[in-house]
Amino acid sequence: MTETLTPVAAATLCGDGRCDVALHDGFTLCATHTSQLARDLAAVREVWANLQVTIRRQDATSSAIGGGSTGSRPCINLDALDKGETLASLLNGWAGSLALDYRQRPAAGAAKFLSDHLRLIVKEDWAGDLAQELAESLAECRRTTDRALEILSLGVCGFGDCPGAVTAVVGGHTGRCRECGAVWNVAERQQWAISQAWHAEGSLRLIVSALRASQQITTSYETVKKWAQRGKLYGTCDVATREHRYTAAGILESVRTATTNRARLNA
Ligand SMILES: [Zn+2]
Ligand SMILES: [Zn+2]
């Protein structure tokens, strides 16, 4: 019979399970997965906020059609509620494992508690479980939110060459990269996107709505259309579609001219 030799101390592997980095000094998560966990904990607040909007939006719809809480439609978005409860209970559960006198709190508060104690957590043997459960739960929450809310695409992230897609909930002020978690200002990204397409042509309605959405103009589509009809704004005629096409640069120029003229008249 042969006996197997066991090392006195084996280097433990990163507990995340998606990775096989060897660790030392009692750590249970590698540096990469520790920062991933930190990012996920930081994302809880925003994901949670979007989830609450999702839950309420269903509520508003059902009461708007007279259903209310007694109607046949569910009065809240049960799917979103369920995903939110899972997120909150997993965060509270692990926070409770860390501190005996821990008291339950809302998801964002529990996430804050955990990230405040991240240096202790990365030496707990359950750190990898927390990291995985949180990543899965966040993904579930985001899927639920995406299904229920209108999502705005804000292009490729580009932060440190990140190829991730940046998305935001319509009406929200910040968007988030699905890949690296970078948070972006929606208006700034839209302005940037327009500046990249300064001389690209599009229908008057499309360009005006893009400029309005990115808060570069407040002028209405009707007004700009009048300028075009009165020959104050020139477009090019697309021979194939017989449609007039305009550029953001052209429209902004007309808005500037109109503002200057108004100022002169008022002076
Ligand atoms: Zn790892
Ligand atoms: Zn990114």
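Let us look at the structure shown here. (Residues numbered from 1 in each chain as written. Chains lettered and ligands numbered in written order. Predicted model: local features only at pLDDT ≥ 70, side-chain atom pairs only at ≥ 80, totals over all residues.)

### A few points about the sheet that holds strand β5 (residues 174-177)
Sheet strands pair via backbone hydrogen bonds, and the direction of the pair is either parallel or antiparallel. Spatially, β3-β4-β5-β6 is the arrangement adopted by the 4 strands of the open sheet, whose pairing is antiparallel. Pairing within the sheet leaves two strands with one partner each, and these edge strands are β3 (151-156) and β6 (183-185). Across the sheet, the axes of successive neighbouring strands diverge by a mean angle of 30°, strand direction being ignored. Looking at chain direction, β3 and strand β4 (residues 165-169) are connected through 4 bridges and run antiparallel. Directly across from V156, in β4, lies its bridge partner A165. Taken strand by strand, helix α6 (residues 186-196) contacts β3, β4, β5 and β6, and its axis lies near 70° from that of β6. (Pairing = 2+ DSSP bridges. Helix = DSSP H or I, 4+ residues; strand = E, 2+ residues; numbered from the N terminus. Axes fitted to C-alpha atoms, helices over the stretch in contact; angles between N-to-C directions. Contact = placed C-beta atoms within 7 Å.)

### Looking at the pairing of β4
Where β4 meets β5, 2 bridges bridge the pair, whose relative direction is antiparallel. Residue T167 lies in a different strand from β5, and its bridge partner there is R176. Between β4 and β5, which pair antiparallel in sequence order, lie 4 residues; one of them, G171, sits at a positive phi of approximately 95°.

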